[in-house]
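Structural characterization, general
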Amino acid sequence: MSTNSQASEIRSNHVGWDGLFDRIDILEVPVERFLHTLLPSRKPYLYDNHQLSQKYFRGVMKKPAQSPNLAASLGALVSSFPEERRVSFLDASNYSLPPPFGILESTHHLTALDVGVSFPGCENTGPPYRWQRFSMAIDVKDDECADPFDRDDLLGDSIIRMAACARNLMLAHGFLAAFVLGMYGSQCRIVRFDHASGLVSESFDYVENPDLLQQFFWHFVHPAAGNPVVGCDPTVHALSGADFRWIRPRLSKMKVSPDSLNVWEFRRADVHDDARTTIRSFFLLKVISAEKRIFSRGTVVWLAIEDTRSALGCQAKAEEPALVVVKEAWREIEYRSEACIYQILANAPKSQRFGLPRMLCGEDLGQREVALWKASGGSLDLSTSETKLECPSLPLPQHQTFSWRFTAEDEQAHRDRSQMRLVIDVVGRPLSQFRTTKQLVRALYDAIQGHRNAFRNGILHRDVSEGNVLLVDQHSRIRWPFTGFLHDFDFSWVDVAQDDTTSHSVDSPSISSDSGQSDVNRALLGQTGTPPFMAIGIHRQKTARLLGTPIKHEAHHDLESFYWLLVWMVLRHARYVHSWGSHAERTLFGCADHTFYASVKAVWLDVPAVVVWDNVPLTRLLRRFTDAVRANNPPLSSSKGSGVLTHLNHTMVLEMLGEALDSDGWPENDAAFTANDREAWREYSPALYQGAKRAREEAAEGPVEDCRRWF
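Residues numbered from 1 in each chain as written. Predicted model: local features only at pLDDT ≥ 70, side-chain atom pairs only at ≥ 80, totals over all residues. Heavy atoms only, no water.

**So, the overall build of the protein chain**
When its secondary structure is counted, the protein chain shows 20 helices and 24 strands. Counting all 711 residues of the protein chain, 56% fall into the buried class. Counting only contacts in the protein chain whose residues sit at least 6 apart along the sequence, the fraction spanning at least 24 positions is 71%. With the model as given, the accessible surface of the protein chain reaches about 31100 Å², and the carbon-plus-sulfur share is 49%. (Helix = DSSP H or I, 4+ residues; strand = E, 2+ residues; numbered from the N terminus. Buried < 20%, exposed > 50% of the residue type's maximum accessible area, 1.4 Å probe, protein only. Contact = heavy atoms within 4.5 Å. Areas by Shrake-Rupley, 256 points an atom, 1.4 Å probe, with all protein chains shown as cover.)

What follows is the structure in C-alpha cells.
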C-alpha cells in the first residue's frame, strides 16, 4: 500500500473520533493504587501461586499476538478463582463484531478484538457473534514499541480500536465504565473508559509480575458495587425466563411484532419514583436511538413497558402496562439535570404543556448517589491530595464520573458527567417517517408551540434537531392532541420565565460569584447544538469570541434551527428541485467545520428558494421562511432583502406555518422518501430543473408558487 493510501485509510478510521486523544490521561501512580481506587473489591485479593502461569507467559512473550497459547495462559492465571467468579478467554482475532444494537449497523463499522473475556462463570465457546457475550476486550501486539501510550506520536488507530471496544461493551450491557487491556510484548496496560474520559495505568511486566495481572482480574470479578464485574450498573438486570413469558402476551395485546425486536438487546432497569417513593422496574425492549461517541452524553432511548407484577401485592389487579420511552444519558455536571426541567414543565399550567412530553418518573442517578455517598462519609478533597489519584474514603459513586477531578485542575471539573434515567409517556417516531408533507409541517408547528411553552417557563432548548422533534406514534395519538413534540432537554438553559411578546432573549440569571458567572458564560456563550441545524450566528460563535463580541444563544437561534430542520427534511425526504442540483443536501449539510457551515448557509439564503414538486403550500412556506431567516442574520454585502435585522419570534414563525397549513393544495400521497426513492429522484431531478428553468424564461418568470405548471 502506498504512503498516500495508508494516510487516507488512517484518516478514514479517525472519522467520528474527534477529541478522543485529548480525553485520555496516563495516571502516574503505582498499579496497585490504580486497582484499589478504580476497581475497588469487596473481597481482599490473596496472593496466588502463579508459577504455572509464569511458565506459560514465558512461552508467549516474544510474539503474544501470534501465540495460540495466550488465551490458555490467561485462563491458567485465573484457574484458582472460585468457579462462579472465573472468567474464560477466547481468541477472537479472526472475527470482527457488528455493533451491539441493530439500529447502529448502518452507521457503525465492524470492530475487531484480539481476545474476548467472558462474564464470570460463563464459558466462551463458538464464534463470538455478539458483544453481549463479553465483559472485557484485550488488545494484543507483539512488540513493546507498539504501546500507543508510550509515544509522542500516539498510535491513533490502536487507541481508537480500544475506545470502540469499550463503547460497544458499554452499549451492550449498560456498563457505567468498561475496561480494555493492552498487551504489548511483555508489557501490559489497564485502560478504564467512561463517558467522560479514559484513564490509563502505568505499564507493567506481566511475565515477571503476573500477580499484578491476576490481582486485576480478581478485583474485576469481585466488584464493591454492582454484579458480576466492575463497571456493571447495579440498577440494570438481565431478563429471566419468567420475564420473557410475562412480556410476550402483553406485546401481542399491543400489536407489537416480536420480529421487530431483538432479544439480545432486552434488559430491565430500575427507576426511582419520588411521587410514589418507590422503585419502579421497566423492561427495555427496543433501542430507538443511540449515541455512537464514547466521550459524550451517551444517550440511549428505549421503547419500554413497565413491569407491573410488583403492583399485585398492593391491589387486586395490576394495570396492564402501556408503551413508554426510557431515556438514559450522561449530562455534564455543569448543566441542570433534565429531570429538573421536566419537573418545571409538570408544574406549568396545562395550557402551556402542549407540544411537550411528560415525565412519568425519573432521576439523576449520579446526583442521588453522590448525596448518599457524602452522607455516609465519602470525601474527595483533591486540594490536599499529594498525587493525582488519591484513594477515597469509600468506593467512588458509580453513576457520576470523577475522571476529570482526578486528572485535571478544578476548572475542568465541569467536564465530569452524571447519569440520568427518565421515563417519558409519549412514544414518538422519527420525523423522517412522515406520511405526508402536511403532517411534517404540522409536527413542526406543534413542536414550535412546545418550544414557546417551554420558553415561557424559563427553558431555552438550544438543540433543535432531527432527533429532538418527533412525530406522535399511532399508539399514542388517542391520548395526545398534538402531531409532533419537542423533547430531549439535555442542553437546555433554565432562567426566569420569559414572554416572547416582550423579549426574545434569555437573560443571564443573577449569580454573585465569579465562578457562577463563568458557568453562565460558558453555557450561554458556548456553541451548543447539532451542526446541520445550528443557526448561522451560533456557527460564528468562535470567531465572534475571538473578536470580543460573543453571541449569546437566544430564542431566535432555536427558531432558525426549525427552518434548517425543515430544509433538511425536504432535501432528504421530498421531491424537490433547486439551482444547486440533486445533491443540494450534501452541499448544504456536509460542511467540515462551523466556518464553512456559516458561509454555505448564508449563500443558501441568497439563492432562489427550493421548490417542492407539485406542492404549492410547502414551496410558498419555504420561500417565506427563507426570507425571514435571511432577516434574522446580519446581511452579506451582496445579500438580497432590506438589510434590516429582524429577529425571528414564536408568533411570526407560527403564523407562517399556520397559514401554510390552512392553504389548499397539499398532496395526499407524498410520504417520506426511502433511500432508494431518494437516489432515483436525484437521477431524474436535474433534467426536470432544466426544463422548468426554460419554461420560466419563456413565460417571463411567473410566480414561483405556481410551480405545478412547470412540471
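**Points about the sheet that holds strand E18 (residues 428–430)**
Across the sheet, which stays open at both edges, the three strands sit in the order E18-E20-E21 with antiparallel pairing between neighbours. The two strands at the open ends of the sheet, each matched to only one other strand, are E18 and strand E21 (484–486). Neighbouring strand axes in the sheet, compared pairwise and without regard to direction, differ in orientation by 45° on average. The pairing of strand E20 (residues 469–472) with E21 spans three bridges and is classified as antiparallel. The residue bridging Leu471 from the neighbouring strand is Gly484, located in E21. Packing against the sheet, helix H11 (residues 437–456) makes contact with E18, E20 and E21, and its axis sits at approximately 35° to E21. (Pairing = 2+ DSSP bridges. Axes fitted to C-alpha atoms, helices over the stretch in contact; angles between N-to-C directions.)

**What to know about the pattern of salt bridges**
A side chain with one charge can pair with a side chain of the opposite charge if their charged atoms come near. Within the structure shown, the criterion is met by 27 salt bridges. With its nearest N and O atoms 3.1 Å apart, the salt bridge here joins Asp139 to Lys141. Accessibility expressed as a relative area gives 4% for Asp139, which makes it buried. The shortest N-O distance in the salt bridge between Glu659 and Arg624 comes to 2.6 Å. Of this pair, Glu659 sits in helix H19 (residues 650–661) while Arg624 sits in helix H18 (residues 616–631), placing them 35 residues apart in sequence. (Salt bridge = Lys/Arg side-chain N within 4 Å of Asp/Glu carboxyl O.)

**Brief notes about the nonpolar core**
With 76 residues, the main nonpolar core has Phe89, Phe193, Leu213 and Phe217 as its most contacted residues. No other element matches the ten residues that helix H5 (residues 156–173) contributes to this core. Counting 55 residues, the second-largest nonpolar core is a separate cluster that includes Leu444, Trp568, Val612 and Val629. (Core = buried A, V, L, I, M, F, W, Y, C linked by side-chain atoms within 4.5 Å.)

**A short note on the packing of helix H2 (residues 31–38) against helix H6 (residues 210–221)**
Contact geometry for H2 and H6: axes closest at 10 Å, N-to-C directions at 5°. The angle between H2 and H6 places the two elements in the roughly parallel class. Side by side, H2 and H6 meet where Val31, Glu32, Leu35 and His36 of the first sit next to Leu212, Gln215, Phe216 and His219 of the second. Of the residues in the contact of H2 with H6, the class split is four nonpolar, three polar and one charged. (Parallel < 35°, antiparallel > 145°, perpendicular 65-115°, else oblique. Nonpolar A, V, L, I, M, F, W, Y, C, P; charged D, E, K, R; others polar.)

**Examining the packing of aromatic side chains**
Both the distance between ring centres and the angle between the ring planes are used here to describe each pair of aromatic rings. Counted according to the given criterion, the structure contains 22 aromatic pairs. Taken together through their ring pairs, the aromatic side chains of Phe89, Phe179, Phe216, Phe217 and Phe220 make up a single cluster. In this arrangement the basic side chain of Arg297 is found over the ring face of Phe491, its NZ or CZ atom lying 4.7 Å from the centre. (Phe/Tyr/Trp six-rings, centres within 6.5 Å; stacked < 30°, edge-to-face > 60°. Lys NZ or Arg CZ within 6 Å of the ring centre and 35° of its normal.)

**Some details on empty space enclosed by the protein**
Tallying each qualifying case throughout the model produces eight cavities of 30 Å³ or more. Within this model, the largest cavity holds a volume of roughly 270 Å³. Taken together, 22 residues make up the lining of the largest cavity; nearest its centre are Leu38, Arg192, Leu396, Pro397 and Gln398. Every element with two or more residues in the lining of the largest cavity is listed here: H2 and helix H10 (403–407). Grouping the amino acids of the lining of the largest cavity by side-chain chemistry returns 14 nonpolar, six polar and two charged. By volume, the second largest cavity amounts to about 180 Å³. Contributing to the lining of the second largest cavity are 17 residues, with Met170, Gly174, Gly298, Val300 and Glu328 lying nearest its centre. Of all the secondary-structure elements, those providing two or more residues to the lining of the second largest cavity are H5, strand E14 (300–306), strand E15 (324–332) and strand E17 (417–424). (1 Å grid on protein atoms, 1.4 Å probe; cavity = no way out; pocket = protein on both sides within 12 Å on 5 of 7 lines; lining within 4 Å. Points joined across faces, edges and corners; volume = space filled by probe spheres on them.)

**Concerning the pairing of E14**
Each regular strand displays side chains that alternate between the two surfaces of the sheet. Across the seven residues that make up E14, a large majority, seven, are buried. Of the two faces of E14, the one holding Val300, Trp302, Ala304 and Glu306 and the one holding Val301, Leu303 and Ile305 are both buried throughout. Two elements, strand E13 (residues 278–290) and E14, share seven bridges in a ladder whose sense is antiparallel. Within E14, the position partnered with Leu284 by the bridge is Ala304.

**Observations concerning the sheet that holds strand E11 (residues 236–237)**
In space, the seven strands of this open sheet follow the order E11-E12-E13-E14-E15-E17-E16, with antiparallel pairing throughout. Strand pairing shows two members of the sheet lacking a second neighbour, E11 and strand E16 (359–364), which therefore form its edges. The pairing of E11 with strand E12 (residues 267–273) spans two bridges and is antiparallel. Within the sheet, the bridge partner assigned to Val236 lies in E12 and is Ala269.

**Details of the side chain of Arg417**
Residue position: Arg417 is located in strand E17. In this structure Arg417 comes out as buried when scored by relative accessible area, which is 9%. Polar contacts involving the side chain of Arg417 include one to the main-chain carbonyl oxygen of His195, which spans 3.3 Å. Filtering out sequence-adjacent residues up to four positions away, Arg417 remains in contact with His195, Ala196, Ser296, Arg297, Trp330, Arg331, Glu332, Ile333, His399, Gln400 and Thr401. (Polar contact = N/O pair within 3.5 Å; in protein donor to acceptor, adjacent residues only side chain to side chain.)

**Focus: the side chain of Thr437**
Its place among the elements puts Thr437 in helix H11. For Thr437, the side chain forms a polar contact with the side chain of Asn615, separated by 2.9 Å. With residues near it in sequence (within four places) discarded, Thr437 still touches Asn615, Leu618, Trp666, Pro667 and Asp670.

**Concerning the environment of Phe175**
Tracing the backbone through its elements, the reader meets Phe175 in the loop between H5 and strand E7 (178–184). We classify Phe175 as buried; its relative accessible area is 3%. When neighbours within four sequence positions are excluded, Phe175 is seen to be in contact with Phe119, Ser135, Leu169, Met170, Val229, Gly231 and Cys232.

**Considerations on the confidence of the model for the protein chain**
Residues of the protein chain with pLDDT of at least 70 account for 79%, and the chain-wide mean is 82. By mean pLDDT, helix H1 (residues 3–14) is the weakest element of the protein chain at 40, and H19 is the strongest at 97. Ignoring residues within four places in sequence, the model shows residues 501–517, a span with pLDDT below 50, making 28 contacts including any to other chains. pLDDT under 50 marks residues 699–711. Its contacts with residues more than four places away, or in other chains, come to 27 contacts. (pLDDT = per-residue confidence, 0-100.)

**Regarding the environment of Asp416**
The residue Asp416 is located in the loop between H10 and E17 in this model. C-alpha separation for the pair Asp416 and Phe402, spaced 14 residues apart in sequence, amounts to 6.1 Å. At 3.1 Å, the side chain of Asp416 and the backbone nitrogen of Ser403 are in polar contact. Here the side chain of Asp416 touches Trp404 through a polar contact of 3.1 Å, landing on its backbone nitrogen.

**So, unusual backbone geometry**
With a phi close to 60°, Lys255 is a non-glycine residue in the positive phi region. Inspection of the secondary structure puts Lys255 in the loop between helix H7 (241–253) and E12. In this structure Lys255 comes out as exposed when scored by relative accessible area, which is 75%. Positive phi outside glycine occurs at Arg462, with the angle close to 75°. Assessed through its relative accessible area of 1%, Arg462 is described here as buried.

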